Amino acid sequence: MRRRLPLSLEVTLSLLSGVGSFVVVAVISTYLRDHVPTVHAPLLGVVLLAIVLVLARTVGIMYALPVGVAAVQAFDWYFLPPLRVLNDTSLIVLGLFISTATIVSTVATVATRRAVESERARGDLAGEQAALRRVATLVAAQAKPSEVFTAIADELAGLIGAEGTFVARHDDDTVTVAASYGLLTDEMPVDRRLALSADTSYLMRTAIESGEPIKRSGEPFRTGPFHDIIGRLGLGAAIATPVTVGGRQWGVIVAATTQPDFAPGTEARICDFMELAATAIANTQAEQQLRELAETQASLRRLALLIAQGEAPERVFTAVTAEVLRHFGGGHARLVRYELDGTVTLLAGDPWDGDALAATVRETGRAARVDDTLVGVPIHVNGRLWGMFVVGRGDQELPADTESRMTEYTDLVATAVADAQSRADLQSSRARIVAAADEARRRIERDLHDGAQQRLVALALRLRGLGMGVEGETRREVTDVAGDLMTVIDELRELSRGIHPAVLSDSGLRPALRALARRSPLPVEVEVRLDDRLPSAVEVGAYYVVSEMVTNAAKHSGASVVEVTVDVDDEVLRLVVRDDGAGGADPTRGTGLLGLKDRIEALGGTFDVRSPAGGGTTVTCRVPLTRH
């Protein structure tokens, strides 16, 4: 491209070229007229026209026009007959011709230049509009913010001819790279954090503080804080431009080139482009916030459903941790609880050596960060510090806003954690009450067996011995009393079995259920598929469910048979008691089934009753064994 000269200098050179061409053509025309009479005028005119066209093509109309006018005048004066007389009038006419040609050529040159600039401006505007349309298409398609930011960096590089660009969000005294393009992709990866200090980022800090674009080139640029990157990539200049979204400073965009400098006006072009691109950023952020809100609500619904279904607290804690991991990216997430004795319990996630982070969060009650790769956020339940979430990405840095985003989410899921913890505490309390009641029943059964029953048996034997030593009516009365006493002993023995059968403690669930079936007044079919003994609390709970259901079937349902099935699948005890009686059993209308339901749920299990009228009654219990 020909370098442009000042307009005044171009006019002067144009005038001089016209005068020079007049002299040259005059000399040539005079020589040809006097020495080469065979030269035809048309041929010489064509040659002159060709020369003018070549000049117009190579140096422009501003030079070709005065040269052409001067050449025609000289050709007319010194070659074509009749011969002219070069007097004052002729000189004035020639001067007017040359001045007119110069003015016309100047106007034509200015008009051409403005037309070229206007065409270039239209091309730049069309390029900007096309770039913005591509960015807007991504926003309309609900693309991820990272994709929109990358597109902005890419499109800006194409518009201004930059070999590398990156977009960074501003947060307090740091900026975090949101997207990068070209030569800067590896040097400025996404989520890299840069401190806004004079020693580390003069360009970005100055642009953000001043609110105006700033350019650096030459030696000051190459000796700046990023001189190693600049030297390695061969960069010659860079421009940092602040990005304003919604009336506030959002961040900064940096463009770099390997050329010695950018073209004049590049800063203004970047500002114009980013002023329009800011709308895309705002829409992207609004869309992202809506998506995050929808995801948060869906997450809370999933957790609320787990709690409503009565899932074990361990499953709720695992689900909460999985939701945190889903919200805050790949890597790992953990849920820990602070205990009263100062220790920390890992409730969900992989074990890790996080004593320092746990201690910092516990001491301050606020979020803490370790090496930009691990963040701990406190969980407050009912006004006290309950525990914390831990999120990390291995060796990758976490975004600068991780703490604030996690704190907002944690405040919402703290209710789910509190509900799960309350349910765990209630379940533990119920289990302790049931265990205490079972222990009391076991002690009563043992005291009856070892105490009252033994003394009553001894007393009955003494009475029988006394009856052998007397005769008549006295002997008969003593014998009757001894018989009544043995009846009381049998009733007491049966009562003690109902309180807590000794065979259950001594031999386990299978023998106890079979003994129960033998004593039942109606047939009981027992199928127990167990390889080992079950936890004591589970065996007692299962036994009393079968005992109560057999008693109900015998007394109320008119059943002809009771079927009992017990098995274990995937660490869960499954107990099914089924009869063919009248049905119509309702746990809400009696204390028997309701008590069994409370007992099973205290063990962390489920108690389901299906009893249609005339269709018999089926009770299904499932009790997890891993919790006992």
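This text follows the structure it describes.
The structure reproduced in this document is the subject of the present report. (Residues numbered from 1 in each chain as written. Predicted model: local features only at pLDDT ≥ 70, side-chain atom pairs only at ≥ 80, totals over all residues. Heavy atoms only, no water.)

### Concerning the packing of helix α15 (residues 509–519) against helix α16 (residues 536–557)
Thinking step 1. Across the interface, α15 lies against α16 with an axial gap of 10 Å and an inter-helix angle of 15°. Classified by the angle between their axes, α15 and α16 sit roughly parallel to one another. Considering how the two elements wind past one another, α15 and α16 form a crossing that is right-handed. For the pair α15 and α16, contact is made by L509, A512, L513, L516 and R519 and by E539, A542, Y543, V546 and S547, respectively.
Thinking step 2. When the residues that make up the contact of α15 with α16 are grouped by side-chain class, the tally is 7 nonpolar, 1 polar and 2 charged. (Axes fitted to C-alpha atoms, helices over the stretch in contact; angles between N-to-C directions. Helix = DSSP H or I, 4+ residues; strand = E, 2+ residues; numbered from the N terminus. Parallel < 35°, antiparallel > 145°, perpendicular 65-115°, else oblique. Left-handed = near helix turned anticlockwise from the far one by under 90°. Contact = heavy atoms within 4.5 Å. Nonpolar A, V, L, I, M, F, W, Y, C, P; charged D, E, K, R; others polar.)

### A short note on the nonpolar core
Thinking step 1. L509, L513, V545, V564, V566, L573 and L575 are the most contacted members of the largest nonpolar core, which totals 37 residues.
Thinking step 2. With 10 residues, α16 is the single largest residue contributor to this core.
Thinking step 3. Excluding anything up to four places from it in sequence, V545 contacts L575, L596, I600, F607, V619 and C621.
Thinking step 4. Formed by 30 residues, the second largest nonpolar core is a distinct cluster that contains A153, A178, V245 and I281. (Core = buried A, V, L, I, M, F, W, Y, C linked by side-chain atoms within 4.5 Å. Buried < 20%, exposed > 50% of the residue type's maximum accessible area, 1.4 Å probe, protein only.)

### Structural notes on the pattern of salt bridges
Thinking step 1. Summed over the entire model, instances satisfying the criterion amount to 12 salt bridges.
Thinking step 2. In this structure, the salt-bridge partner of E209 is R205, at a minimum N-O distance of 3.4 Å. Here E209 pairs with R205, and both are found in helix α6 (residues 202–210), just 4 residues apart, close to one helical turn.
Thinking step 3. In this structure E209 comes out as exposed when scored by relative accessible area, which is 60%.
Thinking step 4. Classification of R205 as buried rests on a relative accessible area of 19%.
Thinking step 5. In this structure, the salt-bridge partner of K597 is E601, at a minimum N-O distance of 2.6 Å. Note that K597 and E601 are positioned in helix α17 (residues 591–602) at a spacing of 4 residues, about one turn of the helix.
Thinking step 6. The class of K597 is partly exposed, set by a relative accessible area of 26%. (Salt bridge = Lys/Arg side-chain N within 4 Å of Asp/Glu carboxyl O.)

### Remarks on the pairing of strand β2 (residues 174–182)
Thinking step 1. Among the 9 residues in β2, 7 count as buried, and that is most of the element.
Thinking step 2. Judged from the 8 bridges that link them, strand β1 (residues 164–171) and β2 form a sheet pairing that is antiparallel. Within β2, the position partnered with R169 by the bridge is T176.
Thinking step 3. The hairpin turn running from β1 into β2, its antiparallel successor, is 2 residues long, and D172 in that turn takes a positive phi close to 55°. (Pairing = 2+ DSSP bridges.)

### Some points on the sheet that holds strand β7 (residues 332–338)
Neighbouring strands of a sheet are bound in pairs by backbone hydrogen bonds; such pairs are parallel or else antiparallel.
Thinking step 1. An order of β8-β7-β11-β10-β9 is seen for the 5 strands of this open sheet, with the pairing classed as antiparallel. Strands with a single pairing partner mark the edges of an open sheet, and in this sheet they are β8 (344–348) and β9 (368–370). This sheet shows a mean twist of 30° between the axes of neighbouring strands, independent of strand direction.
Thinking step 2. The pairing of β7 with β8 spans 4 bridges and is antiparallel. Counterpart to V336 in the pairing with β8 is L346.
Thinking step 3. Contacts between helix α10 (residues 313–327) and the sheet are confined to β7, β8 and β11 (384–392), with β7 contributing the most and set at about 135° to the helix.
Thinking step 4. Packing of helix α11 (residues 355–364) onto the sheet brings it into contact with β7, β8, β9, β10 (374–381) and β11, and relative to β11 it is tilted by some 140°.

### Focus on empty space enclosed by the protein
Thinking step 1. Taken as a whole, this structure holds 1 cavity of 30 Å³ or more when the rule is applied.
Thinking step 2. The computed volume of the largest cavity comes to approximately 280 Å³.
Thinking step 3. Lining the largest cavity are 18 residues, with L203, F221, F226, I230 and A238 positioned closest to its centre.
Thinking step 4. Of all elements in the fold, only α6, α8 (227–233) and β6 (248–257) reach the threshold of two or more residues within the lining of the largest cavity.
Thinking step 5. If one sorts the elements of the lining of the largest cavity by residue count, α6 sits on top with 3 residues.
Thinking step 6. Within the lining of the largest cavity, the residues separate by chemical class into 15 nonpolar, 2 polar and 1 charged. (1 Å grid on protein atoms, 1.4 Å probe; cavity = no way out; pocket = protein on both sides within 12 Å on 5 of 7 lines; lining within 4 Å. Points joined across faces, edges and corners; volume = space filled by probe spheres on them.)

Such coordinate-based values are descriptive only and should not be taken to indicate function.
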